[in-house]
Amino acid sequence: MTITVIGVDGGPLPPGAESALAAAEVVVGAARHVQRLSVPAGAEQLVLGPVGPALEKLAGRRAVVLASGDPGFFGIVRLLREHGHEPVVLPALSSVQVLVARAGRSWDDVAVVSAHGRALGPAVNVCRARGATAVLTGPGAGPAEIGAALDGWPRTLVVAEDLGGPDERVTTVPAAEAAARSWNPLSVLLCLRLDEKAASRGWYAGGEPAPPPGGWALPDEAFEHRAGMVTKAEVRAVALPRLAPRPGTLVWDVGAGSGSVAVECARLGAAVLAVERRDDDVARVRANASAHGVEVRVVPGVAPDVFAGLPHPDAVFVGGGGPEVVAAAAAVGPRRIVVALAALDRVAPTRAALTAAGYAVGGVQVAASRLAELPDGSVRLAATNPITLVWGEVQDR
């Protein structure tokens, strides 16, 4: 028997929906959808609560499932197929399409994430990292919670409540104001950087893909730095895989210096927060981030004093500060910590701090020699200063 999934967006039903409803033996959907449509008198009506029991009643029957918007976009189609059904899908406009249309902008540059029935952190980190992000919200992950989590990142939220319904409302507010308001639980939002404009015509929906153009471990000359105080490209090449920056994660760069590690992580899609005590280096981090077209939130101050109140990181890079900073970073509880050490006498206390915090510890010394030209046109190997990388990773239990 056929299961037909019908998208509902408040407008006319998609072609074929009326005939599917007329032939249905059972109609399943949220109460607001079932009550608004003409369900055949002989059809069983199931208001969708727990999904499992409802799906069991679909087998072997002509069934219609009502779903919001495009049910193939973060919707019930995937779940039906996981249960062995092969539904016919009649989509309506997705809530993201309608929201962006209400905002009057193009949306091929908009990243789309779902916090509905999922952890809020990854969705918020994409909002922190990207200039334009649409969020499908859910209980405990609505505009107020998202607005509060964006403290420190200048963002505007365009919130659409009850799209296509009788109480539809579209509101544009600063993230901080969104955090202080109550919202309809049926909402979707567009998170925009304050200076964000629709991107120029591109070729890839959702923005540029990762890895970024030019790859990673950029040349040292790609960053403004103070008298050579930059994490060298060879060191970054080894550290980045250990940090595992990617969309949905938050990385701290502690003792950021030039911010080369922070910028590299941001170019790979992570949200990034840099801690730096020197005013001149704070300016350099911001300048380097701007030069590479990424956003890095810079927190001026001395580590670990400034750690209190910062959002929880997935990974931390410690470029300076000593074992006490490593211990404080470990106490925050990131899944990954990478520490760069020029002084060998700090290796043992750094390993001890990570081991005491329960991390599985590893490390490597990076001693690279670069090709350098001689006056006669031949080349020699010019050694860079060796750096020891010590890392800790949470052990899966």
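In what follows, the accompanying structure is described. As the structure is a prediction and not an experimental result, all values here were calculated from the model. (Residues numbered from 1 in each chain as written. Predicted model: local features only at pLDDT ≥ 70, side-chain atom pairs only at ≥ 80, totals over all residues. Heavy atoms only, no water.)

Focus on the sheet that holds strand E6 (residues 111–114)
Pairing in this open sheet of 5 strands is mixed, and the strands run E6-E7-E10-E8-E9 from one edge to the other. In the strand order of this sheet, the two ends are held by E6 and strand E9 (169–174), each with one partner. Geometrically, the sheet is characterised by an average inter-axis angle of 20 degrees between neighbouring strands, direction not taken into account. With 7 bridges joining them, strand E8 (residues 155–161) and strand E10 (residues 187–193) adopt antiparallel strand pairing. Considered in E10, the bridge of Glu161 is made with Ser187. (Pairing = 2+ DSSP bridges. Helix = DSSP H or I, 4+ residues; strand = E, 2+ residues; numbered from the N terminus. Axes fitted to C-alpha atoms, helices over the stretch in contact; angles between N-to-C directions.)

Observations regarding helix H9 (residues 233–243)
Listed in full, the buried residues belonging to H9 are Ala233, Val235, Arg236, Ala239, Leu240 and Leu243. Looking down the long axis of H9, one finds its buried residues gathered within 135 degrees of arc, a one-sided arrangement. Tucked inside the fold, the buried residues of H9 contact helix H10 (260–267), strand E14 (315–318), strand E15 (336–341), strand E16 (359–366), strand E17 (369–373) and strand E19 (387–394). Positioned one or two residues after H9, Ala244 has a phi angle of 55 degrees, which is positive. (Buried < 20%, exposed > 50% of the residue type's maximum accessible area, 1.4 Å probe, protein only. Arc of directions from axis to C-beta. Contact = heavy atoms within 4.5 Å.)

Re the pairing of strand E4 (residues 63–68)
For E4, the buried fraction is high: 5 of the 6 residues fall into the buried class. Relative to E4, strand E1 (residues 3–8) runs parallel, the two sharing 6 bridges. By the bridge assignment for E4, Val8 is matched with Ser68.

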